[in-house]
Amino acid sequence: MIEIDGSQGEGGGQILRSALTLSMITGQPFRLTGIRAGRSKPGLLRQHLVAVQAAVQVCGARTSPVALGSSTLEFVPGPIRGGDYRFAIGSAGSCTLVLQTLLPALLHAHAPSTIHITGGTHNPLAPPVHFLQRAYGRVMAQMGAQIGIELPRFGFFPAGGGEVSASVKPCAQLQPIEVLVRGERNDGYAESFVAGVSAGVAERELERIASGMGWSGKQLRLRALPAEQGPGNVLLLTLEHEYVTEVFASFGEKSLLAETVAKRLLNEVRRYLKSEAAVGEHLADQLLLPMALAGGGAFTATTISQHALTNAEIIARFLPVTIRFEQHEHAALCTVSAA
């Protein structure tokens, strides 16, 4: 049984999610102690508990008793089974983080799968569904995965109530790829989604993006959602390049100026564009596991976060791979190779 200290590195939920995914795929059991010890509210929250419960259903695992707040988990996996799965987080806890736990594992099932999750689809502490669809999904498709992700209903913090569904076809082996340059830009656009919030908020956000990016017309898209899906507001900026798509997000909050929401987004986008990196910080975090499963790959990123470094340590506990990081003047380079 692999012993994992949940307080290592950034000490967050990614340690749990990566361990669950890799345990399902490799068949190796693990014991995790100090779950989310690096967080102000340690232990399992709703989305983490549902991730464990979902993994149990997908592979028929045996576990130690788990509940909200649990700080220890023993997980003994069984064979991964395709099928139709439904999970309810029951809060604004992130659907996307639960989904990311399951998607790589279900590629190894012997039959197709569908997943339906209710909870939060857009909150500040997790990738929004659009990121999975456009950025993560594009890279996974380039590696040979057939994954479809749909968003029937938005769910904002704190109300939740969103829905995300996914379809997964088995993929015997992901293909190694290199994402070293982003290439020419093919498209770029900003979307402001508002639900139960004045359309004027979205207009002000988009005006600030227009002046900051020099955009106009169809590049600025106001998306008014049904009021019952809110209250909530998210500003997204998508950059489609020749070899990679990136999605940046900034979330509206009570008493936070629309201009400030847009400014935060522009600052992140400018850091990305100023660099020579192919991917941003968050996509870099998500590429490590599929590249390790593929047995190789490489990418350049604006920065390598503590989140990514911790993830690399967990991956190396389960798979015979070597992950190297090099910091260069205008980008960081990550290479994944068979050990």
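Quick note: structure is the one above.
Report on the accompanying structure. Remember, predicted model here, so these are calculated numbers, not experimental data.

### Looking at the overall build of the chain
Now for step 1: A count of helical and extended segments in the chain gives 8 helices and 16 strands.
Now for step 2: Against the compact-globule benchmark of 20 Å for 339 residues, the chain has a radius of gyration of 19 Å, which places it among compact chains.
Now for step 3: Based on the C-alpha atoms only, the size of the chain along its principal axes is roughly 55 × 45 × 40 Å.
Now for step 4: In the chain, buried positions account for 54% of the 339 residues.
Now for step 5: Across the chain, every contact between residues at least 6 apart in sequence was considered, and the portion connecting residues at least 24 apart equals 71%.
Now for step 6: Here the chain displays about 13800 Å² of accessible surface, and carbon together with sulfur accounts for 50% of that area.
Now for step 7: Treating the 28 positive side-chain charges of the chain as one cloud and the 27 negative ones as another, the clouds have centres 5 Å apart.

### Examining the packing of helix 1 (residues 13-26) against helix 2 (residues 46-59)
Each pair of packed helices can be summarised by the angle the axes make with each other and by the distance between the axes.
Now for step 1: Following both chains from N to C, one finds helix 1 and helix 2 inclined at 0°, their axes separated by 11 Å at the closest point. Accordingly, the angle class assigned to the pair helix 1 and helix 2 is roughly parallel. Residues Gly13, Leu16, Arg17, Leu20 and Met24 of helix 1 form the contact with helix 2, whose own contacting residues are His48, Ala51, Val52, Ala55, Val58 and Cys59.
Now for step 2: Here the contact of helix 1 with helix 2 is built from residues that sort into 8 nonpolar, 2 polar and 1 charged.

### Here we look at the sheet that holds strand 13 (residues 245-251)
Strands belonging to one sheet form pairs held by backbone hydrogen bonds; the direction of such a pair is parallel or antiparallel.
Now for step 1: The 4 strands are arranged 11-10-12-13 in an open sheet whose pairing can be described as mixed. Every other strand in the sheet has two partners, leaving strand 11 (220-225) and strand 13 as the edge strands with one partner each. For this sheet, the mean angle separating the axes of adjacent strands, direction not counted, is 20°.
Now for step 2: As defined by bridge partners, strand 10 (residues 185-195) adjoins strand 12 (residues 232-241) across 10 bridges and the pair is classed as antiparallel. Paired with Ala195 across the strands is Gly232, a residue of strand 12.

### Topic: a nonpolar patch on the surface
Now for step 1: Nonpolar side chains collect at one region of the surface, where Leu180, Val181 and Tyr243 lie side by side and expose about 260 Å² of accessible area between them.
Now for step 2: Its place among the elements puts Leu180 in the loop between strand 9 (178-179) and strand 10.

### Description of the packing of aromatic side chains
Now for step 1: Inspection of every chain in the model, using the stated rule, returns 6 aromatic pairs.
Now for step 2: Ring centres of Tyr85 and Phe87 lie 6.1 Å apart, and the angle between their planes is 10°; on these two criteria the pair is classed as stacked.
Now for step 3: Residue class for Tyr85 comes out buried when judged on its relative accessible area of 9%.
Now for step 4: Taking relative accessible area as the criterion, Phe87 reaches 7% and is therefore assigned buried.
Now for step 5: A ring pair is formed by Phe154 and Phe156, whose centres lie 5.8 Å apart and whose planes are at 25°; its orientation type is stacked. Accessibility classification places Phe154 together with Phe156 in one group, the buried group.
Now for step 6: Among the aromatic residues, ring-to-ring pairing joins Phe30, Phe75 and Phe318 into one connected group.
Now for step 7: Stacked on the ring of Tyr272, the Lys or Arg Arg182 has its end atom at 4.3 Å from the ring centre.
Now for step 8: Its end group placed over the ring of Tyr189, Arg221 keeps NZ or CZ at 4.0 Å from the ring centre.

### Remarks on unusual backbone geometry
In most cases, non-glycine residues show a negative phi, while peptide bonds are predominantly trans.
Now for step 1: Each neighbour pair has its own omega, and for Phe157 with Pro158 the value is 10°, a cis peptide bond.
Now for step 2: As for its placement among the helices and strands, Pro158 is situated in the loop between strand 7 (146-153) and strand 8 (162-169).
Now for step 3: Residue Pro231 is reached from Gly230 by a cis peptide bond, and omega for that bond is 5°.
Now for step 4: By secondary structure assignment, the location of Pro231 is in the loop between strand 11 and strand 12.

### Some words on the environment of Gly144
Now for step 1: Residue position: Gly144 is located in the loop between helix 4 (129-142) and strand 7.
Now for step 2: What makes Gly144 partly exposed here is its relative accessible area of 39%.
Now for step 3: Sequence-wise, Gly144 and Lys218 are 74 residues apart; in three dimensions their C-alpha atoms are separated by 32 Å.

### Considerations on the pairing of strand 14 (residues 296-301)
Now for step 1: For strand 14, a buried count of 6 out of 6 residues is recorded, marking the element as mostly surrounded by other parts of the structure.
Now for step 2: The alternating pattern of strand 14 places Gly296, Ala298 and Thr300 on one face and Gly297, Phe299 and Ala301 on the opposite face, and all of these are buried.
Now for step 3: Here 2 bridges tie strand 9 to strand 14, and the two strands are oriented parallel to one another. Across the sheet, residue Glu178 finds its bridge partner in strand 14, namely Ala298.
Now for step 4: One ladder, built from 6 bridges, connects strand 14 with strand 16 (residues 332-338); its direction is antiparallel. Residue pairing for strand 16: Ala301 is matched across the bridge by Ala332.

Procedures and definitions
- Residues numbered from 1 in each chain as written.
- Predicted model: local features only at pLDDT ≥ 70, side-chain atom pairs only at ≥ 80, totals over all residues.
- Heavy atoms only, no water.
- Helix = DSSP H or I, 4+ residues; strand = E, 2+ residues; numbered from the N terminus.
- Rg over C-alpha atoms; globule rule 2.2 N^0.38 Å.
- Buried < 20%, exposed > 50% of the residue type's maximum accessible area, 1.4 Å probe, protein only.
- Contact = heavy atoms within 4.5 Å.
- Areas by Shrake-Rupley, 256 points an atom, 1.4 Å probe, with all protein chains shown as cover.
- Lys, Arg positive; Asp, Glu negative; His and termini not counted.
- Charge placed at Lys NZ, Arg CZ, Asp CG, Glu CD.
- Axes fitted to C-alpha atoms, helices over the stretch in contact; angles between N-to-C directions.
- Parallel < 35°, antiparallel > 145°, perpendicular 65-115°, else oblique.
- Nonpolar A, V, L, I, M, F, W, Y, C, P; charged D, E, K, R; others polar.
- Pairing = 2+ DSSP bridges.
- Patch = residues over 30% accessible without salt bridge, like charges linked within 9 Å, V, L, I, M, F, W, Y side chains within 5 Å.
- Salt bridge = Lys/Arg side-chain N within 4 Å of Asp/Glu carboxyl O.
- Phe/Tyr/Trp six-rings, centres within 6.5 Å; stacked < 30°, edge-to-face > 60°.
- Lys NZ or Arg CZ within 6 Å of the ring centre and 35° of its normal.

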